[in-house]
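Structure at a glance
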Amino acid sequence: MTDTLSPGGPAPRPSSRLKWLLIASLALNLLVAGAVAGRMIFGHRSGPGGGGASVDQGLMWFSHSLPPEQRDLVRQNLKAARPELRALREESVALKKQAAELLAAEPFDRAALKSAMDRVGLAEKTLRDKGVSVVLDTAEKLSPEQRQRLSEFWKMRVERHRGRRKGPPDGGPAD
């Protein structure tokens, strides 16, 4: 019988506990890396439709505070724009996926990835511009008091969003 011992004696066996801690650490690292990569590639999804709330600036939520006739007007504007917004959003997602494929492709082609990322940027700008158009069309039909309430609603959303970020509230460097 031959032993496969190293010349200095048997190799020390890592403890079972240490082995499981290393596996758990690796799994956690992979989870975090995947989340960060997904966020970078696919962006932040807000609202039930994934990105819709950022496009319509919360007008659907705001419409709940309006009188019925105004509420219907706001919702009609949003519903009329929804198919185009959805198509623009889908185009943006498809372009992001294409860019992700180019990122992983071998050999790496910097120019192709740059071009793909430029197309993503243009698609996102087109989507945002359409959302701005919907907001402007809607705001134009609101009374000054309703626009003031919408303004307060937006400010509240900004502050709530800032509260989720780390760092001081003024946006300056942390001490």
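By convention here, each chain's residues receive numbers from 1 onward along its written sequence. Given that the model is predicted, a residue must reach a pLDDT of at least 70 before its local features are reported, and side-chain atom pairs must reach 80 or more before they are shown or counted; all residues, however, enter totals for whole chains, interfaces and linings. Excluded from the side-chain calculations are hydrogens and water; all other atoms, namely the structure's heavy atoms, are used.

**So, the overall build of the protein**
Per the convention used, a helix needs a DSSP run of H or I reaching at least four residues, while a strand needs a run of E reaching at least two, with both numbered from the N terminus. From N to C terminus, the protein includes six helices and zero strands. Each helix and strand of the protein, ordered N terminal to C terminal, gives the series α-α-α-α-α-α. Throughout this description, buried means an accessible area under 20% of the type-specific maximum (1.4 Å probe, protein chains only), exposed means over 50%, and partly exposed covers the range between. Residue burial in the protein is summarised as follows: out of 175 residues, 23% are buried. Throughout, the Shrake-Rupley method with a 1.4 Å probe supplies accessible areas, and for residues the shown protein chains are the sole cover considered. Accessible surface, the protein: about 13200 Å² in total, of which carbon and sulfur atoms supply 60%.

**Digging into the nonpolar core**
Core analysis: the largest hydrophobic core is formed by 14 residues, its most contacted members being Leu 59, Phe 62, Val 74, Leu 142 and Leu 150. Elements represented by at least two residues in this core include exactly helix H3 (59-63), helix H4 (68-104), helix H5 (110-139) and helix H6 (144-164). At five residues, the largest contribution of residues to this core is made by H4. Residues count as neighbours in contact if any of their non-hydrogen atoms are within 4.5 Å of one another. Residues within four places of Leu 59 in sequence aside, it is in contact with Val 74, Leu 78, Val 134, Val 135, Thr 138 and Leu 150. We define the nonpolar core as a collection of buried residues of types Ala, Val, Leu, Ile, Met, Phe, Trp, Tyr and Cys that are connected through side-chain atoms lying within 4.5 Å of one another. Judged by nonpolar contacts, the second largest core, of six residues, contains Leu 95, Ala 116, Val 120 and Ala 123.

**Some details on H4**
End to end, H4 covers 51 Å across 37 residues, agreeing with the expected 54 Å (1.5 Å per residue, within 8%). The angle between axes fitted to the seven residues ending at a residue and the seven residues starting there is what we call the bend at that residue. Along H4, the sharpest kink reaches roughly 45°, centred on Arg 82 and followed within four residues by the proline Pro 83. Every helix has an expected span of 1.5 Å times one less than the residues it contains.

**As for the pattern of salt bridges**
When a carboxyl oxygen of Asp or Glu is within 4 Å of a side-chain nitrogen of Lys or Arg, the pair counts as a salt bridge. Summed over the entire model, instances satisfying the criterion amount to five salt bridges. Between Glu 84 and Lys 130 there is a salt bridge, and its shortest N-O distance comes to 3.3 Å. Highlighted residues: Glu 84 in helix H4 and Lys 130 in helix H5, separated in sequence by 46 residues. According to the relative accessible area criterion, Glu 84 is partly exposed, its value standing at 43%. In this structure, the salt-bridge partner of Lys 155 is Glu 152, at a minimum N-O distance of 3.5 Å. Of the two residues, Lys 155 and Glu 152 are both situated in helix H6; the distance of three residues between them amounts to about one turn of the helix.

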